[in-house]
Amino acid sequence: MSNHEQHETSHRPVQRKEMSRRQFLSYTLGGTTAFMMGGAVLPMVRFAVDPLLKKKDSGTLVKVVEESKITSEPQEFKFKIHQVDGWYESDPELVAWISKGEDGKIFALSPVCKHLGCTIFWNTKGHNEYDCPCHDARYSIDGKNLAVANSPLDEYEVVVQDGFVYLGPIIPNTRV
């Protein structure tokens, strides 16, 4: 190619491809459809995500028993809490094993075995231990794992106020 031909090709205006009527209609209808679908889908997404965006209340305390009824021997106490799970509200009944420690402080243990989630019971075999009937997991009076389970029982947050024992959310065991 000669210099003259190169010079002519470099100065030619760029030819733009014209948009056809069919392409214009496709783009317009596609954009309108996407806009309308967004208008229909966004409220559904907001509805699904809304419970996640709400601030969670700090752990509320529930009045369970009079302080005078607590002994050094663990006792089973049932109580109800109000919980909101998304849009579902319920009042499940929970259980706590409450007793006084050697230090005189009141503590409450969760009855859920850390091995496979069965419910534990106090002193069913006469060894002054918590026993799990499912797989023979055993725990000390403070909730320390003695056999089978690999971690201690969880405990409830405990507040003693005005002669009553109040329980809060479950926390990791602080006694062992």
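Small disclaimer: the values here were computed from a predicted structure and weren't measured.

1. Focus: the sheet that holds strand β6 (residues 106-109)
In step 1: Strands sit in the order β1-β12-β11-β6-β5-β2 across an open sheet of 6 strands; the sheet is antiparallel. Single-partner strands in this sheet number two, and they are β1 (62-66) and β2 (75-80). Sheet twist, expressed as the mean angle between neighbouring strand axes with direction ignored, is 35°.

2. Details of the sheet that holds strand β7 (residues 121-122)
In step 1: As summarised here, the arrangement of the 4 strands in space is β7-β8-β9-β10, forming an open sheet in which the pairing is antiparallel. Looking at which strands have only one partner, the edges of the open sheet turn out to be β7 and β10 (145-147).
In step 2: Two strands pair when backbone bridges link them, and β7 and strand β8 (residues 130-131) are joined in this way by 2 bridges, in the antiparallel orientation. Counterpart to F121 in the pairing with β8 is D131.

3. Focus on the pattern of salt bridges
In step 1: The full count for this structure, using the stated rule, is 5 salt bridges.
In step 2: Of the charged contacts, one joins R138 and E129 as a salt bridge, the two residues approaching to 3.2 Å between their closest N and O atoms.
In step 3: Taking the relative accessible area as the measure of exposure, E129 reaches 11% and is therefore buried.
In step 4: Look at the salt bridges and you will find they share partners, linking D103, D142 and R175 into a network.

4. Quick notes on the side chain of S90
In step 1: Mapped onto the elements of the fold, S90 is located in strand β4 (residues 88-90).
In step 2: Setting aside residues up to four positions removed in sequence, S90 forms contacts with I81, H82 and Q83.

5. Structural notes on the layout of surface pockets
In step 1: Estimated volume of the second largest pocket: approximately 160 Å³.
In step 2: Lining the second largest pocket, in full, are D103, K105, I106, F107, E155, Y156, E157, V158, I171, T174 and R175.
In step 3: If you list the elements that add at least two residues to the lining of the second largest pocket, you get β6 and β11 (155-161).
In step 4: Broken down by element, the residue count for the lining of the second largest pocket peaks at 4 residues, all from β11.

6. Structural notes on the UniProt feature "transmembrane region" (unreviewed entry) in the protein chain
In step 1: According to UniProt, the feature "transmembrane region" (unreviewed entry) maps to residues 24-45 in the numbering used here.
In step 2: Helix makes up 100% of residues 24-45 and strand makes up 0%, while its end C-alpha atoms are separated by 31 Å.

7. Structural notes on the environment of D142
In step 1: Summarising the element assignment, D142 is placed in the loop between β9 (138-139) and β10.
In step 2: Here the alpha-carbon distance between D142 and L153, two residues 11 residues apart in the chain, equals 8.3 Å.
In step 3: A polar side-chain atom of D142 sits 3.2 Å from a polar atom in the side chain of R175.

8. Things to note about the packing of aromatic side chains
In step 1: All told, the structure shown has 3 aromatic pairs when counted by the stated rule.
In step 2: Centre to centre, the rings of W97 and Y130 are 5.8 Å apart; their planes meet at 70°, and the pair counts as edge-to-face. Of this pair, W97 sits in strand β5 (residues 93-100) while Y130 sits in strand β8, placing them 33 residues apart in sequence. Like Y130, W97 is buried.
In step 3: When the ring of W122 is compared with that of Y130, the centres are 4.8 Å apart and the planes differ by 65°; the resulting orientation is edge-to-face. In this structure, W122 and Y130 share a single accessibility class: buried.

Rules and cut-offs
- Residues numbered from 1 in each chain as written.
- Predicted model: local features only at pLDDT ≥ 70, side-chain atom pairs only at ≥ 80, totals over all residues.
- Heavy atoms only, no water.
- Pairing = 2+ DSSP bridges.
- Helix = DSSP H or I, 4+ residues; strand = E, 2+ residues; numbered from the N terminus.
- Axes fitted to C-alpha atoms, helices over the stretch in contact; angles between N-to-C directions.
- Salt bridge = Lys/Arg side-chain N within 4 Å of Asp/Glu carboxyl O.
- Buried < 20%, exposed > 50% of the residue type's maximum accessible area, 1.4 Å probe, protein only.
- Contact = heavy atoms within 4.5 Å.
- 1 Å grid on protein atoms, 1.4 Å probe; cavity = no way out; pocket = protein on both sides within 12 Å on 5 of 7 lines; lining within 4 Å.
- Points joined across faces, edges and corners; volume = space filled by probe spheres on them.
- UniProt positions renumbered as here; feature names shortened; annotations may be inferred.
- Polar contact = N/O pair within 3.5 Å; in protein donor to acceptor, adjacent residues only side chain to side chain.
- Phe/Tyr/Trp six-rings, centres within 6.5 Å; stacked < 30°, edge-to-face > 60°.

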